[in-house]
Amino acid sequence: MPESRCLQGIWSSPWIFIFAASGSAVGLGNIWKFPYVLGENGGGAFLVVYCLCLLLVGLPVLIAEVALGRTVRSNPIDTVNDLSERRIVHPAWVLVPWLAGITGFLILTFYSVIAGWSIAYLDRAITGGFDNITQVGASSMFNELLATPSEMLLWHSVFMVLVVLTVGQSVTRGLSAVVRILLPVLVVTLLLLACYSMMIGNMSEALNFMFRWSWQNITFDVVLAAVGLALFSLSVGMGAMFAYGAYMSKRMSIARACSIVVGVDLLVALLAGLVIFPLVFSFDIDVQADSSLTFVSLPIIFGNLLGGQFFAGVFFLLLVVAALTSAISMLELFVAWLHEKFYIARLKAALLMGMAVWFVGIAVLLSLNHWDSKLMFGLNLFELLDKFTSLILLPVGAILLSVLVAWFIPRPMLQNEMITKQANHFQWWYKTLKYISIPAMIVITLAGWIGV
């Protein structure tokens, strides 16, 4: 298949794909969610299970999604349509990329609201809003933000403008240009922050919490949380990697590139933990502070730390950058489809999709204050979208996509995609996806639904 088949362009080098895919994977899930989920699930035991989940579930599914994207060199929806027209798969499989795109769209509607919180806290950090703040003051600051829809709307809008302007450019001028700069800056800055945190914080207790474990601490709830976070963190099941795979040169090794992406994703998560936990233990903050760990506990630490204003600003800037690199991939599937199917300019397509996300995001942020009514299962719209996407759409999308690749795409077609130059590596990926990743996702997802 000629490289020019892809209307969006081709990544100029393997490293640009790695940067883009890593940028999609590295987001709020690594810096905001990973530390508090690690804290809630006992530290080291969760980390061990999480690493296994990345290796046995996350990596095989990621390779499958990228490989499928590269088979036809088109957007995910037209890719499956093309395969069905060639009688390789049943036409009903086109529902999978649609499901993935809808999942990414819905996640972005509340993801952008959380990213807006990060911008709001960046503003507070720069202006000294955390200085000498107490537990009561930090809780009050966060609650006041949630109760002020006008401010949340401002930052939600700012974030979506950044996303639209980035995605609206071509692959070579927009996505690759942004991730080539932002991702290395994010990793290096996190590394420096982690070194500083370990020097002034309680490093020994943090390392003990994060890396010591015992079999008794591994429960089914820990496994369930680890699989869910692995899928969320790698952005699989949302069509993002599907779309990015279409821009990948045929000369690139998919297995090698995806392995590096998983490694970068894990590295950033660990660095985030090494930034947060030495300070948490030094200030006797509860490690099981759930999602408020970032927006309530950390301001207390930074506000009472020498040079805290600077480090708070750097940390929340990193949170915004991580959110941006992930968010641009969530919009890419439908933007690519509109561009290729209807020849709509990328910027116009990004604007159309961004406006749709922005409007739904308004309803999401209002559900935290003026419209805080329980719609279903005792959940407001924000909580409902979070649960619905993470517990249903994301795992179901990942399962269906993996089944499509493992059981319906001809094996020679996958081998021709040069997933790996080593035959034994291909065998490992193919059998792991079929007999470990898919069954594990099915069992764990069903168990999560019935509340086992």
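What counts and how
- Residues numbered from 1 in each chain as written.
- Predicted model: local features only at pLDDT ≥ 70, side-chain atom pairs only at ≥ 80, totals over all residues.
- Heavy atoms only, no water.
- UniProt positions renumbered as here; feature names shortened; annotations may be inferred.
- Axes fitted to C-alpha atoms, helices over the stretch in contact; angles between N-to-C directions.
- Helix = DSSP H or I, 4+ residues; strand = E, 2+ residues; numbered from the N terminus.
- Left-handed = near helix turned anticlockwise from the far one by under 90°.
- Contact = heavy atoms within 4.5 Å.
- Nonpolar A, V, L, I, M, F, W, Y, C, P; charged D, E, K, R; others polar.
- Phe/Tyr/Trp six-rings, centres within 6.5 Å; stacked < 30°, edge-to-face > 60°.
- pLDDT = per-residue confidence, 0-100.
- Salt bridge = Lys/Arg side-chain N within 4 Å of Asp/Glu carboxyl O.
- Buried < 20%, exposed > 50% of the residue type's maximum accessible area, 1.4 Å probe, protein only.
- Expected span 1.5 Å × (residues − 1).
- Patch = residues over 30% accessible without salt bridge, like charges linked within 9 Å, V, L, I, M, F, W, Y side chains within 5 Å.
- Areas by Shrake-Rupley, 256 points an atom, 1.4 Å probe, with all protein chains shown as cover.
- Parallel < 35°, antiparallel > 145°, perpendicular 65-115°, else oblique.
- Core = buried A, V, L, I, M, F, W, Y, C linked by side-chain atoms within 4.5 Å.

Within an unreviewed UniProt entry, the label attached to the protein reads Transporter, and the organism entered is Marinomonas rhodophyticola. One UniProt comment on the protein, placed under Sequence similarities (unreviewed entry), says "Belongs to the sodium:neurotransmitter symporter (SNF) (TC 2.A.22) family." Recorded in UniProt under Subcellular location (unreviewed entry), the annotation for the protein is "Membrane".

Draft legend 1. Quick look at the packing of helix 3 (residues 44-72) against helix 18 (residues 423-450). Following both chains from N to C, one finds helix 3 and helix 18 inclined at 115 degrees, their axes separated by 9 Å at the closest point. As helix 3 packs across helix 18, the resulting crossing turns out to be left-handed. For the pair helix 3 and helix 18, contact is made by L55, L56, V57, L59, P60, V61, I63 and A64 and by W428, W429, T432, L433, I436, S437, A440 and M441, respectively. Broken down by class, the residue content of the contact of helix 3 with helix 18 amounts to 14 nonpolar, two polar and no charged.

Draft legend 2. Spotlight on the packing of aromatic side chains. For the structure on display, the rule yields 31 aromatic pairs. The interplanar angle of 80 degrees and the centroid separation of 5.2 Å between the aromatic rings of F310 and F311 together place this pair among those described as edge-to-face. Joined through ring pairs, the aromatic side chains of F110, W117, Y121, F130, F142, F295, F302, F315, F316 and F382 make up one cluster.

Draft legend 3. Fine view of the confidence of the model for the protein. Residues at a pLDDT of 70 or more form 93% of the protein, whose mean pLDDT is 85. Counted against residues more than four places away or in other chains, residues 1-5, with its pLDDT under 50, gives 14 contacts.

Draft legend 4. Expanded view of the pattern of salt bridges. For the structure shown, the criterion picks out three salt bridges. Between R124 and E151 there is a salt bridge, with its nearest N and O atoms 2.8 Å apart. Remark: E151 occurs in helix 7 (residues 149-167) and R124 occurs in helix 5 (residues 95-126); sequence separation between them is 27 residues. For E151, a relative accessible area of 19% puts it in the buried group. Across the salt bridge formed by R346 and E332, the nearest N and O atoms sit 2.8 Å from each other. Of the two residues, R346 sits in helix 15 (residues 346-366) while E332 sits in helix 14 (residues 308-342), which places them 14 residues apart along the sequence.

Draft legend 5. Main features of the environment of M355. As for its placement among the helices and strands, M355 is situated in helix 15. With relative accessibility at 37%, the residue M355 sits in the partly exposed group. Residues M355 and M160 lie 195 residues apart in sequence; the distance between their C-alpha atoms is 8.4 Å.

Draft legend 6. Inspection of helix 12 (residues 254-282) at higher detail. Here helix 12 spans 42 Å end to end across 29 residues, near enough to the 42 Å set by a 1.5 Å rise per residue. With 23 of its 29 residues buried, helix 12 lies for the most part within the structure.

Draft legend 7. How the structure looks around unusual backbone geometry. Backbone geometry at R87 places phi at a positive 60 degrees, although glycine is not the residue there. Secondary-structure assignment places R87 in the loop between helix 4 (76-85) and helix 5. Residue classification places R87 among the exposed residues on the basis of a relative accessible area of 78%. Despite not being glycine, Y343 shows a phi value in the positive range, around 55 degrees. The class of Y343 is exposed, set by a relative accessible area of 68%.

Draft legend 8. Region of the structure containing a nonpolar patch on the surface. Among the surface-exposed residues, F388, L391, I392, I442, L446, W449 and I450 lie close enough to one another that they form a single nonpolar patch of about 640 Å² accessible area. Listed by contribution, the elements that provide at least two residues to the nonpolar patch are helix 16 (381-408) and helix 18. No other element matches the four residues that helix 18 contributes to the nonpolar patch. Tracing the chain through its elements places W449 in helix 18.

Draft legend 9. Examining the packing of helix 1 (residues 14-25) against helix 14 more closely. Here helix 1 crosses helix 14 at 100 degrees, and the two axes come no closer than 6 Å. When the interaxial angle is binned, helix 1 and helix 14 end up roughly perpendicular. Side by side, helix 1 and helix 14 meet where G23, S24 and A25 of the first sit next to T325, S326 and S329 of the second. Here the residues of the contact of helix 1 with helix 14 sort into one nonpolar, five polar and no charged.

Draft legend 10. Region of interest: the environment of L352. Relative to the helices and strands, L352 is located in helix 15. Sequence spacing of L352 and V335 is 17 residues, and the spatial spacing of their C-alpha atoms is 8.7 Å.

Draft legend 11. Structural detail: the side chain of R124. We classify R124 as buried; its relative accessible area is 14%. The contact partners of R124, leaving out residues within four places of it in the chain, are G129, F130, M141, L145 and E151.

Draft legend 12. Inspection of the nonpolar core at higher detail. Counting 177 residues, the largest nonpolar core has W117 and F302 as the members making the most contacts within it. Sequence-distant contacts of W117, that is, excluding residues within four places in its chain, are made with F142, L145, L146, M152, F295, L368 and F382.

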